[in-house]
Amino acid sequence: MDDGKFWPALIVLALAVGGIFAFRYFEMYDKANAAAINARSAINLATEALNFRRDMWGRVGTLIQEIAEANDRAQKAQAEADTKERMVSSDLTYLSKAMKEKVEAVRLEATKSEIAAVALRNGKTLRNAKIKKIDDESATFLHSEGVITVAVSDLPSELVEKFDLGAESIVRQLERLERDLGSKIDAPVVDTSDLLRVRKRIAQITVQLEHATKHKDKLEKEVTDYGEEMKKAEAKGIPTTNISSMRDIAEGNAGMARIQLRQLQTELEKLKVEEAALSKKK
Amino acid sequence: MITLKARTLISTFSLFILVIIPACDKPERLAAEAASLEAQRKLILAESEAYDQRLRTANPVGSIGDTQTLEFQKRASQTKATEAELKLQKWTAWENQLKPLKEKAADYKSKYP
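What comes next is a walk through the structure.

Here is what the cut-offs are and how they apply
Residues numbered from 1 in each chain as written. Chains lettered and ligands numbered in written order. Predicted model: local features only at pLDDT ≥ 70, side-chain atom pairs only at ≥ 80, totals over all residues. Heavy atoms only, no water. Salt bridge = Lys/Arg side-chain N within 4 Å of Asp/Glu carboxyl O. Helix = DSSP H or I, 4+ residues; strand = E, 2+ residues; numbered from the N terminus. Buried < 20%, exposed > 50% of the residue type's maximum accessible area, 1.4 Å probe, protein only. Pairing = 2+ DSSP bridges. Axes fitted to C-alpha atoms, helices over the stretch in contact; angles between N-to-C directions. Parallel < 35°, antiparallel > 145°, perpendicular 65-115°, else oblique. Left-handed = near helix turned anticlockwise from the far one by under 90°. Contact = heavy atoms within 4.5 Å. Phe/Tyr/Trp six-rings, centres within 6.5 Å; stacked < 30°, edge-to-face > 60°. Lys NZ or Arg CZ within 6 Å of the ring centre and 35° of its normal.

The next subject is the pattern of salt bridges. Summed over all chains, the structure comprises 27 salt bridges over all chains. A salt bridge links Arg40 of chain A to Glu33 of chain B; the nearest nitrogen and oxygen atoms lie 3.1 Å apart. Note that Arg40 of chain A is positioned in helix H1 (residues 3-110) and Glu33 of chain B in helix H2 (residues 25-58), a pairing that runs across two chains. Note on Arg40 of chain A: relative accessible area 34%, which makes it partly exposed. A salt bridge links Arg54 of chain A to Glu47 of chain B; the nearest nitrogen and oxygen atoms lie 2.8 Å apart. Pair noted here: Arg54 of chain A is in helix H1 and Glu47 of chain B is in helix H2, and the two residues belong to different chains. One salt-bridge network, in which partners are shared between bridges, spans Glu104, Arg107, Asp136, Glu137 and Arg172 of chain A.

All names here are of chain A. Read from one edge to the other, the open sheet built from four strands follows the order S1-S2-S3-S4, with strand pairing classed as antiparallel. The open sheet has two edge strands with one neighbour each: strand S1 (114-119) and strand S4 (146-151). Across the sheet, the mean angle separating the axes of adjacent strands is 50 degrees when strand polarity is ignored. Bridging between strand S3 (residues 138-143) and S4 involves six bridges; their strand directions are antiparallel. Looking across to S4, one finds that His143 is bridged to Gly146.

When two helices pack together, their arrangement is given by the angle between their axes and by how far apart the axes lie. Contact geometry of helix H4 (residues 194-236) of chain A with helix H3 (residues 68-111) of chain B gives a least axis separation of 10 Å together with a crossing angle of 150 degrees. As the angle between them shows, H4 of chain A and H3 of chain B are arranged roughly antiparallel. Here H4 of chain A and H3 of chain B pass one another in a crossing that is right-handed. In contact with Ala203, Gln204, Val207, Gln208 and His211 of chain A of H4 of chain A, H3 of chain B contributes Gln68, Glu71, Phe72 and Arg75 of chain B.

For any pair of aromatic rings, the description rests on two quantities: the centre-to-centre distance and the angle between the ring planes. This model, assessed by the stated rule, comprises one aromatic pair over all chains. Geometrically, the ring pair formed by Tyr108 of chain B and Tyr112 of chain B is tilted, given 4.9 Å between the ring centres and 55 degrees between the ring planes. Taking the relative accessible area as the measure of exposure, Tyr108 of chain B reaches 4% and is therefore buried. For Tyr112 of chain B, a relative accessible area of 15% translates into the label buried. Across from the ring centre of Phe52 of chain A, 4.7 Å away, lies the NZ or CZ of Lys218 of chain A, which sits over that ring. Geometry around Tyr51 of chain B places Arg54 of chain B over its ring, the cationic atom sitting 4.8 Å from the centre.

Set out below in structure tokens:
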């Protein structure tokens, strides 16, 4: 074969080989590029989901810790309060009974003896006085000049103290304390009025609103992100069917979240009106 | 003797081989990168699943991403703690009222045995 025939054939062969290589190259490049883009997109989504869960776990962890702390506080305070309740109740019952018996014994003992002189607060002095009767408001004496009932206010302080007389006597103070304790012991610590119920509900709705707002914002952001992703994919000539479906789902969810948010806002408004009415009534 | 035409053709052909064949390596590198990213994604998904498990264990009632149940639980626990603390305060106040009376009663008993 001479040069004139050999070289054109070689040129055609070289171009054909080059063309095949070029075609194969571009085909492989397109496939690999699409796979890499998809993988990057998938990894971004997965990373976002992971970050969301990490963030959630952080919040949940804090909440769990706060719940545990509150439970611990409640348990300790409850145990201490129960101990105090038992101690105070039994001490008061015992002390009241023992004190009454003791005062009665002192009063009874006093009726058995005679006092040479009792200087009353009104200036009068009772000679050779013998106590006949003692009650919480007065004492009756048999003395050299006859019988007299003296009010607590006229009795000398040492006798008032000895016979535990008057409104501020130890027995009376203990009785008052027992009475007060009896009336308040079963009183609920927390007010369960309608106002409180409404306020509790308002607090609940406020928390729900906060979450619903965050949820709605998140879904709306997802819709925007999918939109941007679609634009990028379209620019690169990558199919956008999957992203479009995901965006539609996110859009639907965002719509639901907006409806839920509006419902919560309406309920909150109603509760605030109810709270204002109950506050006025109170 | 190789002519100028032959040298040009050989050079062109060599250029094809030298440029295109190494360039064909790029899709392979991209595919390797995609595979590596996929492996990385699987690891991320596994970690994500582990967090899901922890979240489900911590909050079996609420769905993932919903902390309302725990918020309510927290408020309930805090209310319970406040109630218990109020009860404690109440009984401490009673105890403080009883204390001077106990002392007075002890004094009385020692004074009038």
